[in-house]
Amino acid sequence: MRTLATVALLLAALLTGCGRFQTEGDFFFVRSAGADLPVWVRGNTDSGVFMVVLAGGPGNSSMSYLSPVTESLEEKYAVVYWDQRATGVAQGNPTPETISLAQFVADTHAVISTLRQRHDVQKLFLLGPSWGGTLGTAYLLEHQEGVAGWIDLDGNHDWQKNWDFALDYVKVHAERKLAAGEEVDTWRGVPEWAESMKGTRIISDNLWKWQRLCTKAGGYFHEPSNSPGLGAELLLFSPFSFGAMLTNNGIVLEKLLSDDAFYDALQMSSKLSRITIPSLVLWGRHDGAVPVAMAHDAYDNLGTPPEHKFLVIFEKSAHMAPFEEPEAFLTAVTQFIEKYR
Amino acid sequence: MDFQLPVTQAGTPPRLGPILSRPSVRLALAAVISVAALLSSPARADESPTRLPLTVAYLGETLVHPGLTVGTELSLVRGGSGAIVLTGNLGGYVHPRNHVGLFASAEVGGRLTASFGLYGELLAGAGYLHTFLQGPAYGVSPDGAVQPAADAGRPALMPTASLGLGWDLQRNGVAPLALFTRATLFGQFPFNQRLLPHAAVQLGVRFQ
């Protein structure tokens, strides 16, 4: 019995003590309107420069963004990873009514307020990839004060407008494939379907069909081998939970597709002129999820003076430039932060 | 307006008729009685009263998040190589930087034991799971003030299912022990208004 207890204790000590996910940085929760939002602050907090990551999806965990490129950024700055309500590994039991863009903005503000209390935040930057670009835009429309810069990475600031561009992406890809006589069974009828969908409100069946086609067309990863996947460290030795990912994945998307008020709030193109802080617009040339046309829509409509907004297109990337062109991404982000820190 | 509680006369048996008339209940009862009849054998007159065993196991939520479970079990029906057992368990585990779970659960299921002691079992049940955040929590008031948030934890229903393999050392008189491993699936409801699935592995010993 004593031997068994000793082995159990040793095993427990070994398992709880290992892994950077379990030991590094400042980790805490922000409790907001029924949700428990995990926040992980890593890197050089002494710099006073904090970059807050707004995870994509909606549904992704910001922890999955930890990569060599963000670790390089952590050498100079603090990087803040946090999971939004009902996404990633966020816990709690928030009511469906709190799954709204307004509450996501309130949560972001609560996280940033707590961050400012726990750390000496001198300059704060927001990084918003994909859905994170939706949330970042919504946040900045209400809270630009105290934000030194906005880094919009393939962000979807207008879901209805983007729907047409995204349909065009699969249509053009299908036409090329059909003209070349390649994968004809897959792409037959797609141009006609895509054209017929333009201007319609997004519903889940159409969105899933488009997503399958976009993935086949390489709209997420220009080079599929660049996908980092979920490593064993993230799955086993981190706060991450595969069960939570399965459970949470889709909650927000289902809600926004069925809630007209939520959906309508996602159309923010005409409001971009109200955002006037320094902005860096980063996009993958081959992005099919949020095509590069949206980069120009963002850049052109932002109210930021031209000398303080920048557009960088990554020529070998689709939707995931930090994984496809990490050096170029790192250079662009570092130059921007150094200019406005 | 006053409400009166219904009064039951002393000695009046509970009225089971309406419950037993439900097809699902009758079907479940028929299944239990059938299995019991198949497994049961006449008890020996010299059989001594069975002592409740103690079960202690390492519980690894997703294998590596450590925990412990202790419990006992009762043989509801025993016969030949088979038995129907009822288990009762108390336990907990730590998912670092995610949550701490404490639970009480009960499972019922079947166990088949070979003559040399190897056994397999299939159990299912339910329990109560209480989870606490594994880390400091903060709340932000409407005026923007940030304060530590008290965490009384969150209650959850915990359905469970386990598939086990064990070695009953008592069967051949080696020791009054059984060693076992179980693959367990348990749920946490509600979690974001849904059921959160957990997987766990148990490695344990039963003192018989």
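Structure: above.
In this report, the structure presented in the accompanying data block is examined. From a predicted model like this one, the values you see are computed outputs, not experimental measurements. (Residues numbered from 1 in each chain as written. Chains lettered and ligands numbered in written order. Predicted model: local features only at pLDDT ≥ 70, side-chain atom pairs only at ≥ 80, totals over all residues. Heavy atoms only, no water.)

## Things to note about the overall build of chain B
Next up, step 1: What chain B contains, in helices and strands, is two helices and 10 strands.
Next up, step 2: For chain B, the succession of helices and strands along the chain, N to C, is α-α-β-β-β-β-β-β-β-β-β-β.
Next up, step 3: Within chain B, buried positions represent 38% of all 208 residues.
Next up, step 4: In chain B, once contacts between residues fewer than 6 apart in sequence are set aside, the share between residues at least 24 apart is 54%.
Next up, step 5: Surface summary for chain B: the accessible area is close to 11900 Å², and the carbon and sulfur share equals 69%. (Helix = DSSP H or I, 4+ residues; strand = E, 2+ residues; numbered from the N terminus. Buried < 20%, exposed > 50% of the residue type's maximum accessible area, 1.4 Å probe, protein only. Contact = heavy atoms within 4.5 Å. Areas by Shrake-Rupley, 256 points an atom, 1.4 Å probe, with all protein chains shown as cover.)

## Overview of the pairing of strand β9 (residues 309-314) of chain A
Side-chain positions along a regular strand alternate between the two faces of the sheet.
All names here are of chain A.
Next up, step 1: The pairing of strand β8 (residues 279-284) with β9 spans six bridges and is classified as parallel. Looking across to β9, one finds that S279 is bridged to K309.
Next up, step 2: Handedness of the crossover joining β8 and β9 through helix α14 (residues 293-301): right-handed. (Pairing = 2+ DSSP bridges. Right-handed = clockwise from strand over helix to strand, strands pointing away.)

## Things to note about unusual backbone geometry
Next up, step 1: That bond from G57(A) to P58(A) is cis: its omega, 0 degrees, falls within 30 degrees of zero.
Next up, step 2: A cis amide bond links F189(B) with the next residue in sequence, P190(B), at an omega value of 5 degrees.
Next up, step 3: The topology assignment puts P190(B) in strand β9 (residues 177-191).
Next up, step 4: Residues other than glycine seldom take positive phi values, yet T62(B) does so here, at roughly 45 degrees.

## Remarks on the packing of helix α6 (residues 159-180) of chain A against helix α8 (residues 190-197) of chain A
All names here are of chain A.
Next up, step 1: Viewed as axis vectors pointing N to C, α6 and α8 meet at an angle of 165 degrees, and their least axial separation amounts to 8 Å. By the angle between their axes, α6 is roughly antiparallel relative to α8. Taken as a pair, α6 and α8 cross one another with a handedness that is left-handed. For the pair formed by α6 and α8, the contact residues are W163, L167, V170, K171, A174, E175 and L178 on the first element and V190, P191, W193, A194, E195 and M197 on the second.
Next up, step 2: Among the residues making up the contact of α6 with α8, the classes are represented as 10 nonpolar, no polar and three charged. (Axes fitted to C-alpha atoms, helices over the stretch in contact; angles between N-to-C directions. Parallel < 35°, antiparallel > 145°, perpendicular 65-115°, else oblique. Left-handed = near helix turned anticlockwise from the far one by under 90°. Nonpolar A, V, L, I, M, F, W, Y, C, P; charged D, E, K, R; others polar.)

## As for the sheet that holds β9(B)
Adjacent strands of a sheet form backbone hydrogen bonds with each other and so pair up, either parallel or antiparallel.
All names here are of chain B.
Next up, step 1: The eight strands lie next to each other as β1-β2-β3-β4-β5-β8-β9-β10, forming a closed barrel whose pairing is antiparallel. Each strand of the sheet is rotated relative to its neighbour by a mean of 25 degrees, with strand direction disregarded.
Next up, step 2: In the sheet, strand β1 (residues 54-61) pairs with strand β2 (residues 65-79) via seven bridges, with the strands oriented antiparallel. When the bridges of β2 are listed, T55 appears paired with G71.

## Here we look at the side chain of S269(A)
All names here are of chain A.
Next up, step 1: Structurally, the position occupied by S269 is in the loop between α13 (260-265) and β8.
Next up, step 2: With a relative accessible area of 7%, S269 lands in the buried category.
Next up, step 3: Here the side chain of S269 touches K161 through a polar contact of 3.0 Å, side chain to side chain.
Next up, step 4: If sequence neighbours within four positions are ignored, S269 has contacts with H157, D158, K161, D297 and N301. (Polar contact = N/O pair within 3.5 Å; in protein donor to acceptor, adjacent residues only side chain to side chain.)

## Examining α8(A)
Residue and element names in this part refer to chain A.
Next up, step 1: The set of residues buried in α8 consists of V190, P191, W193, A194 and M197. For α8, the angular spread of buried residues about the axis comes to 165 degrees, placing them on one side.
Next up, step 2: Against the buried residues of α8 lie α6, α7 (184-187) and α9 (204-216).
Next up, step 3: G199 sits one or two residues past α8 and shows a positive phi near 85 degrees. (Arc of directions from axis to C-beta.)

## Considerations on the pattern of salt bridges
Next up, step 1: Counting across every chain of the model gives 25 salt bridges over all chains.
Next up, step 2: A salt bridge links D151(B) to R31(A); the shortest N-O distance between them is 3.3 Å. In this pair, D151(B) sits in the loop between β7 (146-148) and β8 (154-168) while R31(A) sits in strand β1 (residues 26-32), so the two residues belong to two different chains.
Next up, step 3: Look at D151(B) and you get partly exposed, because its relative accessible area is 26%.
Next up, step 4: D168(A) is the salt-bridge partner of K198(A), the closest N and O atoms lying 2.7 Å from each other. Of this pair, K198(A) sits in the loop between α8 and α9 while D168(A) sits in helix α6, and the two are 30 residues apart along the sequence.
Next up, step 5: For D168(A), a relative accessible area of 27% translates into the label partly exposed. (Salt bridge = Lys/Arg side-chain N within 4 Å of Asp/Glu carboxyl O.)

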